[in-house]
Amino acid sequence: MLSFVRWRSASHCVVRACAGAAFLLTSLSSVAATVHGTVRDALNHPVGNVAVDLVRDGKVLVSSHSKEDGAFELTTPQAGRFSVHANQRGFAAYISHDFYSGAQEVIARDITLSIASAQESVSVTATGLPTPLEQVSAAVHLIPHEEMETRAYVVPELRLQPGVNVVQAGQNGAASTIFVRGANSDANKILIDGVPANDVGGVFDLGLLSPTGIGKVEIHRGPDSVLYGSDALGSVITIETPRGHTAHPVLNYSGDAGNFHTWRNEVELSGAHLTDDYYAAFSRFDSSNALPEDRVHLSTAAVNVGHALSSSAQIRGTVRHSVSASGVPNAHDFYGISAHEKQGDQQTAISGVVEGTYRNNWHNLVRYYANRKRQQDVQFAAAGLAHTVHTPFYDYLAYFGNTVMIRGANGFSATGRASINYDQDYPAYRFTATNRDGVQFQSDYRFTPHLSALAGFRYEDERGSNINTAAFLNQKLERRNYDYSLQLQGDVSGRLFYSLGGAVQKNYLFGTEGTPRLGIAWYPVAPSSSGFLQGTKLHFNFSKGVQEPNLVAQLGQLSTLLEQVGAPTQNVRPLGAQRIRTYEGGIDQNILGKSLVIRLNYFHNQFGRQVEYVYRLDIQANFNVTIPPSIYGAYLNSLDFKAQGLEAEAEWRANGHLSVRGGYTYLDAIVQRSYSSDVTAAAGGFPTTNPNLPGIAIGASSPLRGARPFRRPPHTGYVVATYAHGKWSGAVKSVFVSRADDSTFLSYSDFKGDNTLLLPNHNLDFAYQRIDADVRWNVTSHVSLFTQLNNLLGQQHMGPIGFSALPFNFRSGVKMSLGGD
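Residues numbered from 1 in each chain as written. Predicted model: local features only at pLDDT ≥ 70, side-chain atom pairs only at ≥ 80, totals over all residues. Heavy atoms only, no water.

**Regarding the overall build of the protein chain**
From N to C terminus, the protein chain includes eight helices and 47 strands. Taken over the C-alpha trace, the protein chain has a radius of gyration of 30 Å; the compact-globule value for 821 residues is 28 Å, and the two agree within 12%. Oriented by its inertia axes, the alpha-carbon framework of the protein chain measures out at about 135 × 55 × 55 Å. Counting the 821 residues in the protein chain, one finds 55% classified as buried. (Helix = DSSP H or I, 4+ residues; strand = E, 2+ residues; numbered from the N terminus. Rg over C-alpha atoms; globule rule 2.2 N^0.38 Å. Buried < 20%, exposed > 50% of the residue type's maximum accessible area, 1.4 Å probe, protein only.)

**Overview of the pattern of salt bridges**
For the coordinates displayed, the defined rule picks out 37 salt bridges. In this structure, Glu 462 engages Arg 436 in a salt bridge whose closest nitrogen and oxygen atoms are separated by 3.1 Å. Of the two residues, Glu 462 sits in strand β32 (residues 451-468) while Arg 436 sits in strand β31 (residues 428-448), which places them 26 residues apart along the sequence. Assigned by exposure class, Glu 462 and Arg 436 land together as buried. Across the salt bridge formed by Asp 741 and Arg 708, the nearest N and O atoms sit 2.9 Å from each other. Pair noted here: Asp 741 is in the loop between β44 (728-737) and β45 (768-778) and Arg 708 is in the loop between β42 (693-698) and β43 (715-725), with a separation of 33 residues, a long-range link. (Salt bridge = Lys/Arg side-chain N within 4 Å of Asp/Glu carboxyl O.)

**Some points on the sheet that holds strand β30 (residues 419-422)**
Ordered by their spatial adjacency, three strands build an open sheet running β26-β27-β30, and the pairing between neighbours is antiparallel. Looking at the sheet topology across the chains shown, the edges are occupied by β26 (385-390) and β30. Between one strand axis and the next, the sheet turns by 45 degrees as a mean value, whatever way the strands run. (Pairing = 2+ DSSP bridges. Axes fitted to C-alpha atoms, helices over the stretch in contact; angles between N-to-C directions.)

**Quick look at the sheet that holds strand β12 (residues 139-144)**
Pairing within the open sheet is mixed, and its five strands lie in the order β12-β17-β18-β15-β16. Strand pairing shows two members of the sheet lacking a second neighbour, β12 and β16 (195-196), which therefore form its edges. The pairing of strand β15 (residues 188-192) with β16 spans two bridges and is antiparallel. When the bridges of β16 are listed, Ile 192 appears paired with Val 195.

**Quick notes on the nonpolar core**
Among the nonpolar cores identified, the biggest contains 23 residues, and Leu 158, Ile 178, Ile 190, Leu 206, Ile 214, Val 217 and Ile 239 are the most heavily contacted of them. Put simply, the parts of the chain that give this core at least two residues each are α2 (155-158), β13 (164-168), β14 (176-180), β15, β17 (216-221) and β18 (235-240). Aside from chain neighbours lying at most four places away, what touches Leu 206 is Val 155, Leu 158, Ser 176, Ile 178 and Ile 190. (Core = buried A, V, L, I, M, F, W, Y, C linked by side-chain atoms within 4.5 Å. Contact = heavy atoms within 4.5 Å.)

**Describing the confidence of the model for the protein chain**
For the protein chain, the mean per-residue pLDDT works out to 89, and 93% of the residues sit at or above 70. Across residues 1-11, where pLDDT falls below 50, the model places zero contacts with residues more than four positions away in sequence or in other chains. This model gives residues 13-30 a pLDDT under 50, and the stretch forms two contacts once residues within four places in sequence are excluded. (pLDDT = per-residue confidence, 0-100.)

**Here we look at the packing of aromatic side chains**
Any two aromatic rings considered together are summarised by their centre-to-centre distance and by the angle between their planes. One pass over the full model with this rule turns up 15 aromatic pairs. Centre to centre, the rings of Phe 497 and Tyr 523 are 6.3 Å apart; their planes meet at 85 degrees, and the pair counts as edge-to-face. Residue Phe 497 is located in strand β34 (residues 496-507), and its partner Tyr 523 is located in strand β35 (residues 511-525); the two are separated by 26 residues in the primary sequence. Here Phe 497 matches Tyr 523 in class, with each residue buried. Over the face of the ring belonging to Phe 99 we find Arg 109, whose NZ or CZ atom lies 4.4 Å from the ring centre. (Phe/Tyr/Trp six-rings, centres within 6.5 Å; stacked < 30°, edge-to-face > 60°. Lys NZ or Arg CZ within 6 Å of the ring centre and 35° of its normal.)

Quick look at the structure:
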């Protein structure tokens, strides 16, 4: 009996123990974090037998392999910040962005593998969704931070892109713009963490853009008003602020100095802890440049903070703030002296985002953004010799520079003194401001792995002001604009990729405009990591775009000016939308995997109703009116031109140490309608001429019909060679630019108020070659030394005629890093 009782008691203990163990196992499984997804190649085909790891703090927690259909699953009982790593022979190693997961969450993370020799190859700008470049039909190029980290400005790297011509009107800190595929310099949509950073109407000075706080720059060549609304007429440039990802904080410092009293300091702090990640950076750059009264300083700060609400939802805030002050010597080669002028700029871009994904298929994003831009221009005193100019209309007092000879690249020259300032109260002030607040909503749904849809809405409230004490102006305006967009994107059998969309822009100034877009990419030969000719991609795009006139043009349009002086408008309409219609097509060919990639692309752009500037005296002559001397000119939609061309690129990765890439662009641009030709003739007048060059028509402020648009050289190219071995790395970067049409813009500016300082437009700007180089030595894993060499050939004519480039210059410094994983 006693033994029976003991046996029964023991059996109850065993049952309780088994039940407890079962409950414990059930509890552990219920708190496990699970990461699952599908591994696919760049053409959306599933890839099996891929080694997939779940990593936290640099340690592999669990490993698995994908199945034949590409599916994988990783489970861990731990919570924290993770990343997914994947490796497969013939493909580049994959490392995901880090993410947070709680102990009871199921997380979907798909993996896209690229051919082994490829760099980062996912674009968001072209389609609005993260898309491998292999599936993108548009012309897109990515500039990683590593290519900019020894630069003081981003502008030099923008020169190294096909179809892009950078025009810098001076030296460090000078106004810098880009002309993409023949489009105007203000036709580029600039987005900083999703914030439109342009002034009202598209103007953005790239000369004040520091690489501080920039993780990546993405350039989409071509219009994309479907996704980005007005102003995306020539290109879209997106700038991303880095995110912190290391469990232990990382502190980076960079300091350098060089000739022309140049120095730069930069500090960065980043990291991540559980649900939060953070990044902050600050830099300051100073230089005296090589001209009198041309000193510049630029300070930049950037912050990016994120918080994971769950594994599939997050909130994020970013701020980028820059402050600059620079001398404005003006076109020194025209005057022989510098203007007594200074310009200050302050810009702040703010973004707040809430986004989440439901069941790995339905992604929604809401963004509030704000952009604040201030610019102050002060002329402290008149520079040069005071002289009274007599004209048939009136006499006026102006100030003239030294006697100089102005020589163009076309062989024409002129000698004289040009007016650099006019009679006005000094100091003279001009203040401009742009305030923009907006709300963006985007919803995208993936129906299948081969079909997705995107819908978007954007509302913007733009306010601008222009105060000019010399012209007694105090102008303000406000625009409220709406954008609606819809796009389908997908593929057929992993060979044919397409995107089809349209948008409606409802703009306060120009009303309602529609913009369609179609893109197709087809692989007759699929890419492979082996084989000689593996990977042939044919692509085609068609799209339309619109652009609103900028603040200065709207406030100074010709129709308003004629009304103010009581003159008949003579069919001069108020400013409206500027338009583009474009189509392009090309081929990408991989050779030996991706050891050598060759790309050829043809584009054809038709630009209509572009804004053109007309000088005061030309208006007086053509409309028989008197314009006050304080008004220099006016704007109207009178310029049409087309631009077609061919882009050729090649990238060669010789081995693990050496890579070379280069490109060439031929641009054939021609003006079809211009005020300088058409309106002047219709009014019974004649094109502007230089009395010393009789019979040669000159476009004083805009190009003539049948000529090339200004500052669009027909031939541009670049070559970049990079080498890294052991602790040493370096690069040589060269840019080639042919002569371009332009104007001296010295209309009625000589000592007698005449046009003797105007030169023929054709091939007026000089051709040039710019060669830069950088060298870096990693002393330890935390300390490195570097040198940046710019303009090794000492080229003086690398900008518009009249503006001197900074001669050979260098900076040498140290980079240090503390902390991290």
